[in-house]
Amino acid sequence: MAPRPAPPAPPAPPPPPPAAPPPPGASAKGPPARKLLFMCTLSLSVTYLCYSLLGGAGSLQFPLALQEPPSPPPSLPPAAASPGAHAGLRTPRAPGATDPAREPRTPDDELAGPRAANASGDRGGAASTPDYGEKRLPQALIIGVKKGGTRALLEAIRVHPDVRAVGVEPHFFDRNYDKGLDWYRNVMPKTLDGQLTMEKTPSYFVTSEAPGRIHAMAKDIRLIVVVRDPVTRAVSDYTQTLSKKPEIPTFEVLAFKNRTLGLVDASWSAIRIGIYALHLESWLRYFPLAQILLVSGERLIVDPAGEMAKVQDFLGLTRVVTEKHFYFNKTKGFPCLKKPEDSSAPRCLGKSKGRAHPPIDPDVLRRLRKFYKPFNLMFYQMTGQDFRWEQEEGEK
């Protein structure tokens, strides 16, 4: 029997339709370069917009200054940064300046250590805050100066019911900046709506990085500086250090590079802090003078109610702290706080305040007054205030 013939092969599939020709001017290998560039630019713009919205206004702020700063304000650190992550943010110091972190710490500096997390539980405004409310970043800062009267001012303003302030010094903008804003916020006491959060760290005023860092956090923050006759302040500063380190050289030795020639050692922190005009210039690059209140350390002693009235007005507070809250302690030589509604004993500052100064050679004091005089006059001109430090010492 003959074999069956093989079935015919299936017909071949129809060929695919020809590809559509590219639009005029376009390359067959992809979109034109102009279109690709536009897509990249649009992508970057959307990314930056999202970053700006998520990062908040703080990262986009610019200095409120009479003149442009030498460099843009530094951005805020992350909430939990690793140590040294922001070493690149440090700006050059003035000639002869020393690192504030290396200067001797005072009893008010304790927060820089392990106590930081529990600082908001200190006595005073923070302790009297109920266990409800919200921890907020400060809206006002006492930024200086060391041995000017900052502790007295802080204790007085904490009497106000609309103020809550941490009792010890956070040192966030000079020593703990790498810990981030979440750490800083957690240090603050809880506040209710309408209450003001404050802190004081006098070393901020002489820290070159502090103005830009504070401006990056809140450009509308209110700043308070307590200033005092720089010669008296320097002696008080030395007295505090001497109480901790009795072996240090005399004030006369430390104050001069060459006493015979009368060359003052402006690199010594006790002298450098009192050159107020130099430090204020750094702050005016970021903040207008209207946001900085200068409190007289001398007036804070002889007329505490008058100075506190200025402070309360500056902070937008009702004048609650008045003369009835103060009692002058003749032994210590400065006012103490009292509660006007009861007869309890007045509360004075600790033993570390009001120490007797060691005797200083009058010729040394005279040379220092001559050194500070041009800086004082410049400071008066910059601020529009005459603190009369020369007149108070009989220099008419």
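Just so it is clear, the structure is predicted and the values come from calculations on it, not from any experiment.

K.L.:
Explain the sheet that holds strand β9 (residues 292–296) residue by residue, including any values.
P.N.:
Reading across the sheet, the five strands line up as β3-β5-β2-β6-β9 and stay open at both edges, with parallel pairing between neighbours. The open sheet has two edge strands with one neighbour each: β3 (163–165) and β9. Neighbour-to-neighbour, the strand axes of the sheet open up by a mean angle of 25°, direction not taken into account. With respect to the sheet, helix α8 (residues 276–284) is in contact with β2 (140–144), β6 (222–227) and β9, its orientation differing from that of β9 by roughly 160°.

K.L.:
Quick one: what's the story with helix α5 (residues 230–244), residue by residue and with numbers?
P.N.:
Residues that lie three or four places apart on an α-helix share one face, since the helix turns once every 3.6 residues. Helix length check: α5 (15 residues) gives 22 Å between terminal C-alpha atoms against 21 Å at 1.5 Å per residue, within 8%. Counting buried residues in α5 gives 11 out of 15 residues, a clear majority hidden from the surface. Pro230, Val231, Arg233, Ala234, Val235, Ser236, Asp237, Tyr238, Thr239, Gln240 and Thr241 are the residues of α5 that are buried. The N-terminus of α5 is capped by Asp229, whose side-chain oxygen sits 3.0 Å from the backbone nitrogen of Val231.

K.L.:
Any details on the pairing of strand β5 (residues 196–200)? Residues and values, ideally.
P.N.:
Side-chain direction in a regular strand flips from residue to residue, so the side chains alternate between the two faces of the sheet. Counting buried positions along β5 yields five of five residues, so the element is predominantly enclosed. Alternating residues of β5 divide into Leu196, Met198 and Lys200 and Thr197 and Glu199, and every residue in both groups is buried. Where β3 meets β5, three bridges bridge the pair, whose relative direction is parallel. Note on β5: the bridge partner recorded for Ala165 is Met198.

K.L.:
Describe in detail the confidence of the model for the protein chain, supporting the description with residues and values.
P.N.:
Here the protein chain averages 76 in pLDDT, and 62% of its residues register 70 or above. Between residues 78–127, whose pLDDT stays under 50, and residues either more than four places distant or in other chains, the model counts 106 contacts.

K.L.:
Give me the packing of α8 against helix α11 (residues 362–383): which residues, what numbers.
P.N.:
Where α8 contacts α11, the axes come no closer than 8 Å and their chain directions differ by 30°. Here α8 is positioned roughly parallel relative to α11, judged by the angle of their axes. The segment α8 lies against α11, with Tyr276, Ala277, Leu280, Glu281 and Leu284 engaging Phe375, Met378, Phe379, Met382 and Thr383.

K.L.:
Which residues make up the pattern of salt bridges, and what values go with them?
P.N.:
In the structure shown here, the tally under the stated rule is 15 salt bridges. Note that Arg136 and Asp193 form a salt bridge whose closest N and O atoms lie 2.9 Å from each other. Of this pair, Arg136 sits in the loop between β1 (134–135) and β2 while Asp193 is found in the loop between β4 (190–191) and β5, placing the two residues 57 residues apart along the sequence. The closest approach of N and O atoms between Arg151 and Glu155, which form a salt bridge, is 3.0 Å.

K.L.:
How would you explain the packing of aromatic side chains if you had to name every residue and give the values?
P.N.:
Overall, the coordinates contain 20 aromatic pairs when judged by the stated rule. Seen from their ring centres, Phe173 and Tyr184 are 5.3 Å apart, and the 80° between their planes marks the pair as edge-to-face. With Phe173 in the loop between β3 and α3 (180–187) and Tyr184 in helix α3, this pair connects stretches of sequence that are 11 residues apart. Here the aromatic rings of Phe371 and Tyr372 are separated by 5.1 Å at their centres, their planes lie at 70°, and the arrangement is edge-to-face. For the pair formed by Phe371 and Tyr372, the shared burial category is buried. Pairwise contacts between aromatic rings join Phe172, Phe173, Tyr177, Trp183, Tyr184 and Tyr204 into one cluster.

K.L.:
I'd love a proper account of the environment of Pro359, names of residues and values included.
P.N.:
Examined against the element boundaries, Pro359 turns out to sit in the loop between β11 (334–337) and α11. With 108 residues separating them along the chain, Pro359 and Phe251 place their C-alpha atoms 9.4 Å apart.

K.L.:
Residues and numbers for α3, please.
P.N.:
Regarding α3, the residues found buried are Gly180, Leu181, Trp183, Tyr184 and Val187. Projection of α3 onto a plane perpendicular to its axis shows the buried side chains occupying an angular sector of 155°, all on one side. In this structure, the buried residues of α3 make contact with β2, β5 and α4 (210–217).

K.L.:
Tell me what's going on with the packing of α5 against α11, and back it up with residues and numbers.
P.N.:
Relative orientation and spacing of two packed helices are given, respectively, by the angle between their axes and the distance between those axes. Look at α5 against α11: their axes get within 9 Å of each other, and the N-to-C directions meet at 125°. When the interaxial angle is binned, α5 and α11 end up oblique. From α5, Pro230, Val231, Thr232 and Val235 reach across to α11, where they touch Leu365, Leu368, Arg369, Tyr372 and Asn376.

K.L.:
Please set out the environment of Met217 residue by residue, giving values where relevant.
P.N.:
If you trace the backbone, Met217 turns up in helix α4. Along the backbone, Met217 and Leu137 are 80 residues apart, and their C-alpha atoms lie at a distance of 8.8 Å.

K.L.:
Describe in detail the nonpolar core, supporting the description with residues and values.
P.N.:
One finds Phe173, Tyr184, Ile214, Trp283 and Phe379 to be the most contacted residues of the largest nonpolar core, which totals 38 residues. If you list the elements that add at least two residues to this core, you get β2, α3, α4, β6, α8, β9 and α11. By residue number, the principal contributor to this core is α8, which donates five residues. The contact partners of Ile214, leaving out residues within four places of it in the chain, are Leu141, Phe173, Tyr204, Ile221, Leu223, Trp283 and Phe287.

Cut-off values and rules
- Residues numbered from 1 in each chain as written.
- Predicted model: local features only at pLDDT ≥ 70, side-chain atom pairs only at ≥ 80, totals over all residues.
- Heavy atoms only, no water.
- Pairing = 2+ DSSP bridges.
- Helix = DSSP H or I, 4+ residues; strand = E, 2+ residues; numbered from the N terminus.
- Axes fitted to C-alpha atoms, helices over the stretch in contact; angles between N-to-C directions.
- Contact = heavy atoms within 4.5 Å.
- Expected span 1.5 Å × (residues − 1).
- Buried < 20%, exposed > 50% of the residue type's maximum accessible area, 1.4 Å probe, protein only.
- Polar contact = N/O pair within 3.5 Å; in protein donor to acceptor, adjacent residues only side chain to side chain.
- pLDDT = per-residue confidence, 0-100.
- Parallel < 35°, antiparallel > 145°, perpendicular 65-115°, else oblique.
- Salt bridge = Lys/Arg side-chain N within 4 Å of Asp/Glu carboxyl O.
- Phe/Tyr/Trp six-rings, centres within 6.5 Å; stacked < 30°, edge-to-face > 60°.
- Arc of directions from axis to C-beta.
- Core = buried A, V, L, I, M, F, W, Y, C linked by side-chain atoms within 4.5 Å.

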